[in-house]
Amino acid sequence: MRAAALQFTPEALVQSNRFSGSVAISPSNSFISFVQTQYSIEEKRQNTVLLIQKLDVDGNSDVAEQEEAIQQVAVFSADARPNPPASQEDEEHGQSEQVAAKKKFKPSQPVWLSDSTLGYVVNDAASGRSTLYAISNRGHKKNRWSKPYPVMTAPVPISDLQYNAASGVLAFTAEVYNGTTTLEETAKRDREEQGRADTGQVYDDLWVRHWDAFVSPKVSQIHTLKLGGTGHDSQFKPKSEIRNIIRDTPAHGRLDATDSFVFSPDGHRIAFVAKKPARDYAWRTTSYVYLAEVSGSAAAPINPGKGGASSSPAFSQDGSKIAYLQMDAPAYEADRNRIKIYSVANQTTVDVAEGWDRSPSHVDWVDDATLLVTYNEWGRNKLAKVDIATGAITPVVSKHSVGSVRRLEGTDTLLIDYSGFDLPTDLYAVSLNSSAEPKRVTNLNPEITKEMLSPAEDLEFVGADNATIHGFILHPPNFDPEKKYPLAYVIHGGPQSSFLDAWSTRWNLNIFASAGFVTVAMDPQGSTGYGQNFTDAIRNQWGGRPYESLMKSLDQLLDSRPYIDDNRMAALGASYGGYMINWINGHTDRFKALVNHDGMFSTISTYYSTEELYFPETEFEGVPFDEKARENYERWSPERHVAKWKTPTLVIHSEKDYRLVVSEGLSTFTALRRQGVPSRLLYFPDENHWVLKPANSLRWHQEVIGWIKKWTDESHEDKREPSRL
């Protein structure tokens, strides 16, 4: 008799260990440090731990050695309820193991100051201050680390810490008011703002809010500080004043350094990305790579002009060149990223692999002749080398998906985030010059085993315009092809994104498979990873080619997989996928249940309430107050087909979603209930476009799984309410 498979549940997903922020590698590659978070359903607490781990890239350590190699150096636990009881927390909770007992601070942003000294930041929400603490390894047995000591304190919150050992310079970002010269001035202005009697905020231009927050008068800018102290016995201390290195940059508007920045190898310069400050901030994607001196106060763009978004600057090993990515279109966020190399001395730029029809998301240097890129291709986020002279692509990792990439100094070994549908995210080591499989370095979730997860099988069907439509299928535990199963048909957002063979803590396809559904996820036109023409094919076609490809793929799926019960199918989608759920409801009744997460109800109302105007203006080829373009908006608006809606729908929306505002979800629910269509609204007052808080995520999963199970259950009698019109 076949043994029952262990079930992968929402509870297991929500309580899984997760990386928080980036991983820090010690200069000699001996240690790594990272922050790990974990939520306890029973205790209703979010636990945050700062860890140091001996780095074993060969995978030769046994289990006991691996456990001994990991040390907790700071622990924080907080009540994760939105309104916890007003009582004193127990002494064992909320305390850092090594921070003074009176403090209750959460560790974040580990950064190595030397091979034996690790720094990390704690933020004091009450005072608004940030303190960089350091701990040292004094060479004692079992690599014990010292008690923490404060290195520096900033009067405002700081983020994105980096340290360059060659120059002894610490760099970080902090939000400051234009015109202020010190962080103390910003802190003073903050206190003055808190003392105001009114709460009014005034805006003279767009954008007013972005993602999940209203835009404040402050801008994120890069600051530097010289540190001193080396060896085991010398503590690190500030050796200079904190300097805003981009304060005096000429800018007509907000110069907001919100993207990552990088040091030159000698630590004398910093390259960063910032959006072009201008009146068209909300309807242009244009951003530049800027270059700044760490001892200066102004930056200059290396690629000024009318291009699109820039990203991922990286200095060559000698600091003479900067590789970066650049889009051409100034209002299209899904244009192809092109690889550029800038000569610092000559101030000239050359293109690399111009004929390569893929859009890399990250670029770095291997050597003077070779670059390293990550890119999406046919459902995998791959890693490859690029020959600068010829543009030839040499794969390094092509299986599953690669996230962040860090090179171990002085070696050909890379430390990568690596995951798959059936492989939770961990750090792995991989060689630049070997075809060997990546070797696991961390094991955050040993309790989530292969036996609990369904591997993905690739699918290919013929869609609109005879295009090949790629996707994945996952099967329930103890799958028997002689039986009949309900279908969960999942539609991705974006729309310029794709389903990747990667681990997800939000739309994890194994959750649906483990709940008993054959789970299918297809990439119709608009998806990335299949060439730029395929991505562009959704423009002014939102309910056209993608819908046709999804329905044609479903027909071919049912023809080829007789174990799928075509009378028990549910469709689910978020963002653009939520738009498609509303579009489906107005064009077919083949599904028994629908789930719309943060979807679009009206293309026109969305234009006037969203923040990134370049997105709808590109997708629908203009503005809705232009007569010709308005026809495009109206043609693809789900609201026009509301009278045909009849499929039971779960609607999910959140108050802090400023990409697709909550009224889009309320409008959808109103249209359904007013017509007597069985429906339910799940509303989160404290989430954005994504549901991120663990308890909310658990509720989300319970409602979604419960809804599609209810309406696809074999014994369920479909009694829909009569129309009330």
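Shown above is the structure to which this text applies.
About the criteria used
Here the residue numbering is sequential within each chain, running from 1 through the sequence in written order. Since the coordinates come from a predicted model, pLDDT governs what is reported: local features require at least 70, and pairs of side-chain atoms require 80 or more to be given and counted, while whole-chain, interface and lining totals use all residues. Here the side-chain values reflect all heavy atoms present in the structure, with hydrogen atoms and water set aside. The criterion for strand pairing is that DSSP finds at least two bridges linking the strands in question. Runs of H or I in DSSP of at least four residues are treated as helices and runs of E of at least two as strands, each being numbered from the N terminus. Any Lys or Arg side-chain nitrogen found within 4 Å of a carboxyl oxygen on Asp or Glu counts as a salt bridge. The buried label applies to any residue whose accessible area, calculated with a 1.4 Å probe on protein chains only, is under 20% of its type's maximum; exposed applies above 50%, and partly exposed to all values in between. The contact definition used throughout considers only heavy atoms, calling two residues in contact when any of these lie within 4.5 Å. By nonpolar core we mean a set of buried residues, namely Ala, Val, Leu, Ile, Met, Phe, Trp, Tyr and Cys, connected to one another through side-chain atoms within 4.5 Å. For this analysis, a ring pair means two rings from Phe, Tyr or Trp (six-membered ring only for Trp) whose centres lie within 6.5 Å, classed as stacked if their planes differ by under 30 degrees, edge-to-face if by over 60, and tilted for the remaining angles. We count a charge as sitting over a ring when the NZ of a lysine or the CZ of an arginine lies within 6 Å of the ring centre and within 35 degrees of the ring normal. Fitted lines through C-alpha atoms serve as axes, helices being fitted only where they are in contact, and the angles separating the N-to-C directions of these axes extend from 0 to 180 degrees.

Student: Explanation requested: the sheet that holds strand β28 (residues 401-407) in the structure shown.
Tutor: Hydrogen bonds between backbone atoms are what pair the strands of a sheet, whose relative direction is either parallel or antiparallel. Pairing is antiparallel in the open sheet, where four strands are placed in the order β28-β29-β30-β31. On the outer flanks of this sheet lie β28 and β31 (439-440), each paired with one strand and no other. Two strands pair when backbone bridges link them, and strand β30 (residues 423-431) and β31 are joined in this way by two bridges, in the antiparallel orientation. Residue pairing across strands places Tyr428 opposite Arg440, the latter belonging to β31.

Student: Would you take a moment to explain the pattern of salt bridges for this structure?
Tutor: A side chain with one charge can pair with a side chain of the opposite charge if their charged atoms come near. Counted under the stated rule, the structure contains 31 salt bridges. Here Asp248 and Arg247 are joined by a salt bridge, their closest N and O atoms 3.3 Å apart. Given the relative accessible area of 41%, Asp248 is considered partly exposed. On the basis of relative accessibility, which here comes to 32%, the residue Arg247 falls in the partly exposed class. We note a salt bridge from Glu703 to Arg680, for which the minimum N-O separation is 3.4 Å.

Student: Would you mind going over the side chain of Ser654 with me for this structure?
Tutor: Note on placement: Ser654 falls in strand β38 (residues 649-654). Apart from the residues within four sequence positions on either side, Ser654 is in contact with Asp598, Val662, Phe684, Glu687, Asn688 and Val691.

Student: So what exactly am I meant to see when it comes to the nonpolar core here?
Tutor: Note on soluble globular proteins: their nonpolar side chains tend to be buried together. Leu487, Tyr489, Val520, Trp542, Leu557, Met580 and Phe591 are the most contacted members of the largest nonpolar core, which has 52 residues in total. Among the nonpolar cores identified, the runner-up in size contains 36 residues, and Val490, Ile511, Val595 and Phe684 belong to it.

Student: Looking at this structure, how should I read the packing of aromatic side chains?
Tutor: Ring pairs (aromatic) are described by centroid distance and by the angle formed between their planes. This model, assessed by the stated rule, comprises 35 aromatic pairs. Ring geometry for Trp211 versus Trp690: centroids 5.1 Å apart, planes at 70°, classification edge-to-face. Taken together, the positions of Trp211 in the loop between β11 (209-210) and β12 (213-214) and Trp690 in the loop between β39 (679-684) and α12 (694-712) put the pair 479 residues apart, joining distant regions of the chain. Residue Trp690 is classed as partly exposed on the basis of its relative accessible area, which comes to 35%. Seen from their ring centres, Tyr489 and Phe591 are 6.2 Å apart, and the 20° between their planes marks the pair as stacked. With Tyr489 in strand β34 (residues 485-491) and Phe591 in the loop between α7 (576-585) and β37 (593-597), the pair connects residues that are 102 residues apart, well separated along the chain. There is no split in this pair, since Tyr489 and Phe591 are both buried. Over the face of the ring belonging to Tyr281 we find Lys275, whose NZ or CZ atom lies 4.4 Å from the ring centre.

Student: In this structure, what is going on with the sheet that holds strand β8 (residues 149-154)? I would like to understand it.
Tutor: Pairing is antiparallel across the open sheet formed by four strands, whose spatial order is β5-β6-β7-β8. Whereas interior strands pair on both sides, the edge strands pair on one side only; in this sheet they are β5 (107-114) and β8. For this sheet, the mean inter-axis angle between neighbouring strands, taken without regard to orientation, is 25°.

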